[in-house]
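Architecture at a glance
Below are the chains, spelled out letter by letter.
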Amino acid sequence: RSSFHFFNDGNEWLQMDKAGHITTSYQLSRIVYETINITNKSNKFNILLGNGISITYMSMIEILDGFSEQWGFSTWDFISNIIGTTLFGIQQSTWNEQKISLKYSYLKSEYTKYRPDLLGKNIYENVLKDYNGQTYWLSFNISSFLKPEKNFPAYLNIALGYGADGMTGGKYNTSLYDGKVIPDFKRTRQFYISPDIDLARIPIKNKTLKLLFKTLNFIKIPAPAIEINDSGILKFHFIYF
């Protein structure tokens, strides 16, 4: 513990952690809204409550970090949290639906073995800390932007993804950890386009299955994807997680 202080981490992890904050705060707003909406049909109140709980919860974490000697209050994290909740609130108040969803996908990267202290010692830590294996998506529901008479499948989305690769440290890579040499990896930004499924829009009558689909709708469905990185290299993935 320490006295309250700020910490500038805006240039760490190629901003993957900030994408994580945006997505987490968005999804937390959505979950609270949909839970309250079961019994209270006041749209404005539910939006305010969803956003309010999301911002309060995420801000409490930042404040605790502010008293941590190792970290500090991150203004960038706080701004990212605001962006996520705002994206949910604006869509719900304007359209009464989420035409653009924020989603997450993960496949364990090869770099976790070099820095388990930073990237996680097991799969439960990896999904949170291994930024090399994470991808964050903006998933656009196509039918919601079209006229009803087009009869486009309501559950079919197109998603734009952001990821990063080659990171064994926050701001820069290290060459040595725990007495072992770490190879020199190139830190790379990656951009994706891929089809996606909006599980919440699949027409099913079973209430349990419908609730399960809504709960899992923060996950980007594995699908073919086109990738381009900041080195200009283009790749096609038959299935991308």
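What you see is a predicted model; the values in this text were computed from it and never measured. (Residues numbered from 1 in each chain as written. Predicted model: local features only at pLDDT ≥ 70, side-chain atom pairs only at ≥ 80, totals over all residues. Heavy atoms only, no water.)

1. Observations concerning the pattern of salt bridges
Tallied over the entire structure, the rule returns 8 salt bridges. Across the pair D17 and K18 runs a salt bridge, and its minimum N-O distance is 2.5 Å. The exposure class assigned to D17 is buried, which follows from its relative accessible area of 7%. Overall, K18 belongs to the buried group, its relative accessible area being 8%. Here E34 ties to R30 by a salt bridge, and the two come within 3.2 Å at their closest N and O atoms. Placement of the pair is E34 and R30 together in helix α1 (residues 16–36), with a separation of 4 residues, close to one helical turn. (Salt bridge = Lys/Arg side-chain N within 4 Å of Asp/Glu carboxyl O. Buried < 20%, exposed > 50% of the residue type's maximum accessible area, 1.4 Å probe, protein only. Helix = DSSP H or I, 4+ residues; strand = E, 2+ residues; numbered from the N terminus.)

2. Overview of the packing of α1 against helix α3 (residues 75–95)
One can describe the packing of α1 onto α3 by two numbers: an axis separation of 7 Å at closest approach and a directional angle of 40 degrees. In terms of their interaxial angle, α1 and α3 are classed as oblique. At the point where α1 passes α3, the crossing takes the right-handed sense. Where α1 abuts α3, its residues D17, K18, H21, I22, S25, Y26, S29, R30 and Y33 lie against W76, D77, S80, N81, I83, G84, T85, L87, F88, Q91 and Q92. (Axes fitted to C-alpha atoms, helices over the stretch in contact; angles between N-to-C directions. Parallel < 35°, antiparallel > 145°, perpendicular 65-115°, else oblique. Left-handed = near helix turned anticlockwise from the far one by under 90°. Contact = heavy atoms within 4.5 Å.)

3. Here's the deal with the layout of surface pockets
Its boundaries defined by the atoms lining it, the largest pocket holds a volume of some 1,400 Å³. If you go around the largest pocket, you meet 37 residues; those closest to its centre are D17, H21, L128, K129 and Y131. Only α1, α2 (43–66), α4 (116–119), α5 (123–129) and β2 (134–141) provide two or more residues apiece to the lining of the largest pocket. Looking at which element gives the most residues to the lining of the largest pocket, the answer is α1, with 8 residues. For the lining of the largest pocket, the residue count by class is 15 nonpolar, 12 polar and 10 charged. (1 Å grid on protein atoms, 1.4 Å probe; cavity = no way out; pocket = protein on both sides within 12 Å on 5 of 7 lines; lining within 4 Å. Points joined across faces, edges and corners; volume = space filled by probe spheres on them. Nonpolar A, V, L, I, M, F, W, Y, C, P; charged D, E, K, R; others polar.)

4. A short note on unusual backbone geometry
Positive phi, close to 55 degrees, is recorded for W13, a residue that is not glycine. Along the chain, the position of W13 falls in the segment before α1. In this structure W13 comes out as buried when scored by relative accessible area, which is 8%. Its identity is not glycine, yet N96 carries a phi of approximately 60 degrees, on the positive side. Note on placement: N96 falls in the loop between α3 and β1 (100–106).

5. Points about the packing of α2 against α3
Look at α2 against α3: their axes get within 10 Å of each other, and the N-to-C directions meet at 170 degrees. Taken as axis vectors, α2 and α3 run roughly antiparallel relative to one another. Taking contact as the criterion, the partners of N43, I47, N51, S54, I55, M58, S59 and E62 in α2 are, on α3, D77, F78, N81, I82, T85, F88, G89, Q92 and S93. Among the residues making up the contact of α2 with α3, the classes are represented as 6 nonpolar, 9 polar and 2 charged.

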